[in-house]
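So you can see what is in the structure, the chains are spelled out below.
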Amino acid sequence: GESVGLHLPTLSVQEGDNSIINCAYSNSASDYFIWYKQESGKGPQFIIDIRSNMDKRQGQRVTVLLNKTVKHLSLQIAATQPGDSAVYFCAENHFNQGGKLIFGQGTELSVKP
Amino acid sequence: KAGVTQTPRYLIKTRGQQVTLSCSPISGHRSVSWYQQTPGQGLQFLFEYFSETQRNKGNFPGRFSGRQFSNSRSEMNVSTLELGDSALYLCASSLEGAVDTGELFFGEGSRLTVL
């Protein structure tokens with residue numbers, strides 16, 4: 001069945017280091033992937049997205065990599081800052097599913113000063 | 001412009017009661033989706049409404065229902081509440097309902113506690 005999972009539930013990094021958060025998905029028909037950041041007491045906030053016809057997309061301090069061969073998605077955060085501490089979710093979508101997203105379980109990122 | 005607004009933010013109910021949650025999408029957005037977030041199950045899709053019609057539905061029992069009004073505001077209702085319904089209920093809106101044409105904007109959620 002459809003599922004999006006994360007390899008690690010928690011990740012602790014030193015301020016200034018790079019962070020890599022991983023995600024595995026099982027639905028090869030998914031054609032759109034999104035990373036969300038959720039801070040305590042808030043709703044998920046869009047970080048970056050990538051379509052299935054791309055392998056890499058870069059934003060400000062963030063990069064998403066998509067490996068369709070092994071159905072793997074990763075989020076790289078450069079020069080991680082204390083404000084990056086949050087739970088990060090990957091989500092997948094199929095174009096005929098409208099607003100339906102399938103979310104992974106989330107990875108909690110903790111940044112040590 | 002104002003973001004997605006959800007009311008109430010917090011509420012406590014007892015088993016067997018029913019609850020109605022409200023969501024006002026971003027102005028101009030016609031699609032509203034609802035998600036349930038729990039520590040054990042994570043974020044799970046409930047349903048999506050677009051132009052007052054339910055377009056997608058997740059795997060939740062019939063006790064969970066929703067509707068959308070002509071101004072795109074949406075409500076969801078949970079009847080005969082169970083302890084397991086305690087969760088953060090999140091509403092998200094998008095312009096046209098296809099998330100890949102734009103971001104899905106989430107509200108801050110309604111925290112429901114069932115005693």
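Let me begin by describing the structure that accompanies this report. Counting from 1, residues in each chain are numbered in the order their sequence is written. As a convention, the first chain written is A and the first ligand written is 1, with the rest following in written order. Confidence filtering applies because this is a predicted model: local features only for residues at pLDDT of at least 70, side-chain atom pairs given and counted only at 80 or more, and all residues used for totals across whole chains, interfaces and linings. Heavy atoms from the whole structure form the basis of all side-chain values; hydrogens and water molecules are not counted.

Examining the overall build of chain A
To keep things clear, this is the line we draw: Every helix listed is a DSSP run of H or I at least four residues long, and every strand listed is a run of E at least two residues long, numbered separately from the N terminus. Between the two quantities, the radius of gyration covers C-alpha atoms and the globule rule is 2.2 Å times the number of residues to the power 0.38. Exposed residues in this analysis have more than 50% of their type's maximum accessible area, buried residues have under 20%, and partly exposed residues fall in between, with area computed by a 1.4 Å probe over protein chains only. Using a 1.4 Å probe, accessible areas were evaluated by the Shrake-Rupley method; residue-level cover was limited to the displayed protein chains. When charges are counted, Lys and Arg contribute as positive and Asp and Glu as negative, whereas His and the chain ends are disregarded. Throughout, a charge is located at the NZ atom of Lys, the CZ atom of Arg, the CG atom of Asp or the CD atom of Glu.
Of regular secondary structure, chain A possesses zero helices and 11 strands. Here the C-alpha atoms of chain A give a radius of gyration of 13 Å, agreeing with the 13 Å that 2.2 N^0.38 yields for 113 residues. Projected onto the principal axes, the alpha-carbon positions of chain A cover approximately 45 × 30 × 20 Å. Counting across all 113 residues of chain A, residues that qualify as buried make up 46%. Carbon and sulfur atoms form 47% of the exposed surface of chain A, whose accessible area is close to 5400 Å². Of the side-chain charges in chain A, 10 are positive and 10 negative, and the distance between the mean point of each set is 3 Å.

What to know about the sheet that holds strand E3 (residues 19–24) of chain B
Residues and elements named next belong to chain B. Note the cut-off: Strand pairing follows a simple DSSP-based rule, namely that at least 2 bridges must link the two strands. Fitted lines through C-alpha atoms give the axes, limited to the stretch in contact for helices. The angle between two N-to-C directions lies from 0 to 180 degrees.
Here four strands make up an open sheet; going across it, the order is E1-E3-E8-E7 and the pairing antiparallel. If you trace the sheet from one side to the other, it starts and ends with strand E1 (5–7) and strand E7 (64–68), each paired once. On average, adjacent strands in this sheet sit at an angle of 15 degrees to one another, irrespective of strand direction.

Side note on the nonpolar core
Residue and element names in this part refer to chain B. Let me state the cut-off plainly: Within this scheme, the nonpolar core is defined by two criteria: the residues are buried Ala, Val, Leu, Ile, Met, Phe, Trp, Tyr or Cys, and they are joined through side-chain atoms within 4.5 Å. Every residue pair with non-hydrogen atoms within 4.5 Å of one another is taken to be in contact.
Core analysis: the largest hydrophobic core is formed by 21 residues, its most contacted members being Trp34, Leu46, Phe64, Met76 and Tyr89. Secondary-structure elements contributing two or more residues to this core are E3, strand E4 (31–38), strand E5 (42–50), strand E8 (74–78), strand E9 (87–94) and strand E11 (110–114). Sequence-distant contacts of Met76, defined by excluding residues within four places in its chain, comprise Val19, Thr20, Leu21, Trp34, Leu46, Phe47, Phe64, Ser65, Gly66 and Tyr89.

Brief notes about the state of the cysteines
How we decide: Note that a disulfide, as used here, is simply two cysteine sulfur atoms within 2.5 Å.
Counted under the stated rule, the structure contains two disulfides over all chains. In this model A:Cys23 forms its disulfide with A:Cys90; the gap between the sulfur atoms is 1.9 Å. Since a negative S-S torsion denotes a left-handed disulfide, the A:Cys23-A:Cys90 link at about 55 degrees is right-handed. Pair noted here: A:Cys23 is in strand E3 (residues 19–25) and A:Cys90 is in strand E9 (residues 86–93), with a separation of 67 residues, a long-range link. Judged by its relative accessible area of 1%, A:Cys23 falls in the buried class. Relative accessible area serves as the criterion here: at 0%, A:Cys90 is assigned to the buried category. Between B:Cys23 and B:Cys91 runs a disulfide, and the two sulfur atoms are separated by 1.8 Å. Residues B:Cys23 and B:Cys91 are joined by a disulfide whose S-S torsion is about -60 degrees; by sign, that bridge is left-handed. Of the two residues, B:Cys23 sits in strand E3 while B:Cys91 sits in strand E9, which places them 68 residues apart along the sequence.

A closer look at the environment of B:Leu46
All names here are of chain B. Relative to the assigned elements, Leu46 resides in strand E5. Of the residues examined, Leu46 reaches a relative accessible area of 1% and is grouped as buried. Residue contacts for Leu46: discarding those within four places in its chain leaves Trp34, Tyr35, Gln36, Lys57, Gly58, Phe60, Phe64, Met76 and Tyr89.

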